[in-house]
Amino acid sequence: MADFASGDRKKADATKLAHAGRHPAEQHGFVNTPVYRGSTVLYPDAAALAAHDMAYTYGRRGTPTMEALHEAIAELDGAAGCLTAPSGLAAISNTLLCLVGAGDHILMTDSVYFPARRFCDRVLAGFGVDTEYYDPLIGGDIAGLMRPNTRLVYAESPGSRTMEVQDLPAIAAAAHAGGALVVVDNTWATPLYCKALDKGADIAIYAGTKYIGGHSDIMLGAVTANEAAWPDLHAAWFDFGNCAGTEEMFLGLRGLRTMGVRLARHMQSALDVARWLAERPEVDTVLHPGLEGAPGHELWRRDFTGASGLFSVILKPAPRAAVEAMLDNLRLFGLGYSWGGYESLAIPFDPAERRTPPAWAHAGPGVRFHIGLEEVDDLKADLAVGLASLAAARS
Ligand SMILES: Cc1ncc(COP(=O)(O)O)c(C=O)c1O
């Protein structure tokens, strides 16, 4: 048995990844909990039906596959419990709908994943919830934005595309002093590289679509909560009827088993490529918090134990056609949204877009890279061709 109390976090997590949520004795000895397909659960007799206290009562409310996944993610995050949803965005919207109501005020990081922002501005605003966007680098000064009706402070660290690392402990201390809950989208770090609940969050959200699945073949969301936040979240969660597909939950569980080794490789290769890009004349700034001297590096060192494969660069000013020439000449990097799979991806973005002005100091266009599990020298060679195309199209 691993000594989980030894303080050797890395060893404990690696062991948890292999063992958490598995109950072979309940599955005829088979190593993995299988896909339980089902809506109806049969009760043994009328008394059991009336008592309504069986472990499973209806497919939407739980199956052994779902329970195995919940147990495993909760154990990794040191959480009171875990719930899942059909996508990362559904996990975000469900969480917000469970916790806020008319007349409430939300403080949301300006660097948030854009569809979450749109959900607040369109859906929650229509329900009478007021969302205010704050500078992701605000730290403890968020105390000055707290209002009597601030119910929730939402963080995402590092921020989507622009990669700002947030001072979560300072934000959480101010939020809690004002009576608000703290929710953080911890998808980038996963429970392996940031223990968000230990850093002050009450609730951590994961797009399981990314590293938990790990193969770009599922949509899945997960939420974990501490003892304080769990009862309210759990009580309301099932009222929305959003349950993840049972095949997706199985694949999420299977992805978890190898997430540690995949992430270690993503981290190593992404840092290698980031260092290489930092030396390139076409690149203005590399936004990778794990990179020495990069924005957010000190906070990352304090609060994270690793970095995943996603980071951005700001290029020196270049016309859109030059950036497109670069992207069109990449052979190994696919052009596509999402990330967290085994393959490398690139996507262009305008860092000032979808932000509250004045938001951004750099003039050049952004490109977000996901570094996959390919051989890193092959990736650099591919990028070198792309950057040469960029330079040729610019001159
Ligand atoms: C940080 C972050 N959170 C949440 C999501 C939403 O996840 P999903 O695509 O599974 O809805 C994404 C998707 O890209 C994301 O990047």
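Quick caveat, the model's predicted, so the values are computed rather than measured. (Residues numbered from 1 in each chain as written. Predicted model: local features only at pLDDT ≥ 70, side-chain atom pairs only at ≥ 80, totals over all residues. Heavy atoms only, no water.)

Asks: Hey, could you run me through the nonpolar core in this one?
Replies: One recurring pattern in soluble globular proteins: nonpolar side chains tend to sit buried together. Ranked by size, the top nonpolar core spans 60 residues in total, and within it Tyr134, Ile142, Val153, Trp188, Leu256 and Met259 carry the most contacts. At the level of secondary structure, the elements contributing two or more residues to this core comprise helix H3 (64-77), strand S4 (150-156), helix H6 (168-177), strand S5 (181-185), helix H7 (190-193), strand S6 (203-207), helix H9 (246-278) and strand S9 (310-315). In terms of residue count, the dominant contributor to this core is H9 (nine residues). Mapped onto the domain boundaries, this core takes at least three residues apiece from domain 1 (13-257) and domain 2 (259-394). Ignoring any residue separated from it by four or fewer positions in sequence, one finds Leu256 in contact with Leu17, Leu69, Ala72, Ile73, Leu76 and Ile212. (Core = buried A, V, L, I, M, F, W, Y, C linked by side-chain atoms within 4.5 Å. Buried < 20%, exposed > 50% of the residue type's maximum accessible area, 1.4 Å probe, protein only. Helix = DSSP H or I, 4+ residues; strand = E, 2+ residues; numbered from the N terminus. Domains from an automatic or database assignment. Contact = heavy atoms within 4.5 Å.)

Asks: Mind showing me how you'd approach the site of the ligand here?
Replies: Around the ligand lies a shell of 13 residues, among which Gly88, Leu89, Asp185, Thr209 and Lys210 are the nearest. Within the side chain of Trp339, a nitrogen or oxygen atom sits 3.1 Å from an oxygen atom of the ligand. For the ligand, whose free accessible area comes to 390 Å², the fraction covered by protein is 91%. Looking at which element gives the most residues to the shell around the ligand, the answer is helix H4 (residues 88-99), with three residues. (Near = heavy atom within 4 Å. Polar contact = N/O pair within 3.5 Å; in protein donor to acceptor, adjacent residues only side chain to side chain. Areas by Shrake-Rupley, 256 points an atom, 1.4 Å probe, with all protein chains shown as cover.)

Asks: So what exactly am I meant to see when it comes to the sheet that holds strand S12 (residues 366-370) here?
Replies: Backbone hydrogen bonds are what pair the strands of a sheet, in a parallel or an antiparallel way. With mixed pairing, the five strands of this open sheet are ordered in space as S8-S9-S12-S11-S10. The open sheet is flanked by strand S8 (283-287) and strand S10 (334-335), the only strands paired with a single partner. Pairing analysis gives five bridges linking S9 to S12, with the strands arranged antiparallel. Within the sheet, the bridge partner assigned to Ile314 lies in S12 and is Gly366. H9 rests against S8, S9 and S12 of the sheet, and its axis sits at about 10° to S9. (Pairing = 2+ DSSP bridges. Axes fitted to C-alpha atoms, helices over the stretch in contact; angles between N-to-C directions.)

Asks: Any chance you could explain the domain arrangement of the chain here in plain terms?
Replies: A common way to express how large an interface is: the accessible area buried when the components associate. Taken as a whole, the chain is organised into domain 1 (13-257) and domain 2 (259-394). Distance between the C-alpha centres of domain 1 and domain 2: 27 Å. For the pair domain 1 and domain 2, the two sides together bury roughly 3400 Å², of which 58% comes from carbon and sulfur. When the area that domain 1 buries against domain 2 is broken down by residue, the three leading residues are Arg161, Tyr193 and Tyr211, summing to 29%. Between the two partners, domain 1 and domain 2, sit one salt bridge. (Buried area = accessible area lost by both parts, 1.4 Å probe. Salt bridge = Lys/Arg side-chain N within 4 Å of Asp/Glu carboxyl O.)

Asks: Sorry, what's going on with the packing of H9 against helix H12 (residues 376-394) here?
Replies: Helix-helix packing: each pair is described by the crossing angle between the helix axes and the interaxial distance. The contact between H9 and H12 brings their axes to 10 Å, and the two run at 35°. Crossing geometry of H9 relative to H12 is assigned as right-handed. Contact with H9, carried on its side by Ser269, Asp272, Val273, Trp276 and Leu277, involves Val376, Lys380, Leu383, Ala384 and Leu387 of H12 and no other residues of that element. (Left-handed = near helix turned anticlockwise from the far one by under 90°.)

Asks: What's the story with the packing of H4 against helix H5 (residues 114-126) in this structure? I'm lost.
Replies: Viewed as axis vectors pointing N to C, H4 and H5 meet at an angle of 40°, and their least axial separation amounts to 10 Å. Comparing their axes, H5 and H4 come out oblique. As H4 packs across H5, the resulting crossing turns out to be right-handed. Residues Leu89, Ile92, Ser93, Leu96 and Leu97 of H4 form the contact with H5, whose own contacting residues are Pro115, Ala116, Phe119, Cys120 and Leu124. Looking at the contact of H4 with H5 residue by residue, the class counts come to nine nonpolar, one polar and no charged. (Parallel < 35°, antiparallel > 145°, perpendicular 65-115°, else oblique. Nonpolar A, V, L, I, M, F, W, Y, C, P; charged D, E, K, R; others polar.)

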